[in-house]
Amino acid sequence: MIKIQNVTKRFGDYEAIKSVSLSVNHGEIYGVIGASGAGKSTLLRLINLLESPDHGEVIVNDDSLTRLKGRKLREARQSIAMIFQQYNLLGNKTVYDNVVVPLELSKVPKQERESRVMESLQFVGLDHFKDQYTAQLSGGQKQRVAIARALVNNPTVLLCDEPTSSLDPNTTAEILSVLKRINENFGVTIVIVSHEMEVIKSICERVTVMADGEEYETVTIEPAGIQKIDRSAQGFVERLTDGGEPHA
Amino acid sequence: MPEVIVEYQAEIWQSIGETFIMVGFSILAAVLVGLPLGTFLYLCRKDQILENQAVFSTLNLLVNVIRSFPFLLLVVFMIPFTRWIVGTAFGTTAAIVPLTVIAIAHYSRLVEQSLLDIPKGVMEAAISMGASAKDIIFKFLYVEARSGLVLGLTTSTISFISYSTIMGVVGGGGIGDFAIRYGYQNFRTDLMFYMIFIMVILVQLIQYTGITVARKIDKR
Ligand SMILES: Nc1ncnc2c1ncn2[C@@H]1O[C@H](COP(=O)(O)OP(=O)(O)OP(=O)(O)O)[C@@H](O)[C@H]1O
Ligand SMILES: [Mg+2]
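Residues numbered from 1 in each chain as written. Chains lettered and ligands numbered in written order. Predicted model: local features only at pLDDT ≥ 70, side-chain atom pairs only at ≥ 80, totals over all residues. Heavy atoms only, no water.

Asker: It is not clear to me how the site of ligand 1 should be interpreted in this structure. Could you clarify?
Answerer: Residue and element names in this part refer to chain A. Taken together, the neighbourhood of ligand 1 is formed by F11, Y14, A16, A35, S36, G37, A38, G39, K40, S41, T42 and E162. For ligand 1, an oxygen atom lies 2.8 Å from a polar atom in the side chain of K40. Take T42: an N or O atom from its side chain is 2.5 Å from an oxygen atom of ligand 1. For ligand 1, whose unbound accessible area comes to 630 Å², protein coverage reaches 60%. Elements supplying a minimum of two residues to the shell around ligand 1: β2 (14–24) and α1 (40–47). The residue makeup of the shell around ligand 1, split by class, is 5 nonpolar, 5 polar and 2 charged. (Near = heavy atom within 4 Å. Polar contact = N/O pair within 3.5 Å; in protein donor to acceptor, adjacent residues only side chain to side chain. Areas by Shrake-Rupley, 256 points an atom, 1.4 Å probe, with all protein chains shown as cover. Helix = DSSP H or I, 4+ residues; strand = E, 2+ residues; numbered from the N terminus. Nonpolar A, V, L, I, M, F, W, Y, C, P; charged D, E, K, R; others polar.)

Shown next, in the form of structure tokens:
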């Protein structure tokens, strides 16, 4: 489904991703965790080629994205949705007009658009807010609009970069449950980057621990929770997450 | 109505008309050429979708040089070019040539600045959705930058009015030229004062309209 093979990414002289390989199964919820600056976002952004790798290959849905260019790459990106910590909505468009954008980009016939936007908004519970501007919404509502926008074009993959890091614990739980429903109802493969173990623990099946641009370890999270993972990784994860900034 | 205005009303109307023509063409050039140029400048910057160091540096330097030219010298310097374009270097039509050049340079810089004010995440969202360059520009950048673009055009227009006042040197006419020739040089200080007053009103009106529109279309 998603395969990253020996991918290296440099920013100038700094190697942010050092020959990382990983593969995410179809329909999986996959986590990436690590300290600030470990390269989590860069790794995620390599999946839809927001960053282009210096070495290695990225394969999504059997397409080698690293070999695609121009229109073909843009078309491939239309089925790889992404949400962000800062939501990245358009402040000058209403909720409805934000969500319809991906349908405009992929030239979905006009008569289909309204029902699909409304379906997507209903899924995140924001259909009543369709005519509001995003400045009037709370953080959790903004992220739900971003999710509706990500969902509207029936993506196969959803990339999430710290989707709950600006939200309080209750709102975080709401957003995570929306993500889980997307995975269950539509079979969307989800990759979620977070520095919070709680987030990863609550929805991911597997998690890769990143440290200094390298894949430190990839572990399976048992239904019983993180306690079951390899002892060394658990210790590492705790140091990573508790040693940094304080969190709820 | 002061007597002196009644006396010169034909000339005054004509000079206002000339100013409108000069400023009108400047605005047209700013929108039709300055807006695309400013957008292109922005997109050629480092880490942008059309990143091109050589093209960016060249255009950037060109815009800077034109903008830092003392305008009167630019007008004189451009005379051969103006003559080549419109066949004469004298009159209102000829005055439009250097005015459009400065207008394009002026507004393109302000366009670039407004685009730089858009949060980086907007561009990332656009690219991640598979937007083409055209979609990025029209469905994302101009949507988010629209009030900045309007304010920029307001500022530019006011500068164009100011630039237009010295076009008398090449027979361009306009309110400024009228104020100099009929007011200052004929020792009719009152006439000059009235002309300045008309320009102040004009500028206030443009500023007010620009700010009102910009505020109305800003939903962020
Ligand atoms: N565009 C860029 N230019 C230069 N350096 C960059 C760029 N993007 C990331 N980096 C560097 O690469 C390293 C990894 O960054 P990345 O954003 O992937 O970390 P992260 O794990 O997501 O951190 P955080 O938890 O703070 O978001 C950092 O040292 C960062 O400074
Ligand atoms: Mg990050």
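Asker: Even after reading the chapter, I still don't get the pairing of strand β9 (residues 206–211) of chain A, so can you show me in this structure?
Answerer: Taken residue by residue, a regular strand's side chains alternate between the two faces of the sheet. Residues and elements named next belong to chain A. Taken across its 6 residues, β9 has 6 buried, putting it largely inside the fold. Covered by surrounding structure in β9 are R206, T208 and M210 together with V207, V209 and A211, the residues of both alternating faces. Taken together, the 5 bridges between strand β3 (residues 29–34) and β9 define a ladder with parallel strand orientation. Pairing of Y30 across the sheet is with R206, part of β9. Across 6 bridges, the pairing between β9 and strand β10 (residues 214–220) is antiparallel. For A211, the partnering residue across the bridge sits in β10 and is E214. In sequence, β9 turns back onto β10 through a hairpin of 2 residues, with D212 there showing a positive phi of about 50°. (Buried < 20%, exposed > 50% of the residue type's maximum accessible area, 1.4 Å probe, protein only. Pairing = 2+ DSSP bridges.)

Asker: Any chance you could explain the layout of surface pockets here in plain terms?
Answerer: Leftover empty space is mapped by rolling, across the atoms, a probe with the size of a water molecule. Volume-wise, the largest pocket comes out at about 1300 Å³. Secondary-structure elements contributing two or more residues to the lining of the largest pocket are β1 (2–11), α1 and α2 (70–77) of chain A together with α7 (120–128) and α8 (133–164) of chain B. For the lining of the largest pocket, the element with the highest residue contribution is α7 of chain B, accounting for 5 residues. Residue classes in the lining of the largest pocket are distributed as 17 nonpolar, 12 polar and 13 charged. (1 Å grid on protein atoms, 1.4 Å probe; cavity = no way out; pocket = protein on both sides within 12 Å on 5 of 7 lines; lining within 4 Å. Points joined across faces, edges and corners; volume = space filled by probe spheres on them.)

Asker: I'm lost on the sheet that holds strand β5 (residues 63–64) of chain A in this one. Help?
Answerer: Strand-to-strand pairing in sheets goes through backbone hydrogen bonds, with the strands running parallel or antiparallel. Residue and element names in this part refer to chain A. One open sheet accounts for 4 strands, arranged β2-β1-β4-β5; its pairing is antiparallel. Both edges of this open sheet fall to β2 and β5, since each of them pairs with a single strand only. Sheet analysis places β1 next to strand β4 (residues 55–60), joined by 5 bridges and oriented antiparallel. Opposite Q5, over in β4, you have E57 as the bridge partner. Where α1 meets the sheet, its contacts fall on β1, β2 and β4, and the angle it forms with β1 comes to roughly 125°. (Contact = heavy atoms within 4.5 Å. Axes fitted to C-alpha atoms, helices over the stretch in contact; angles between N-to-C directions.)

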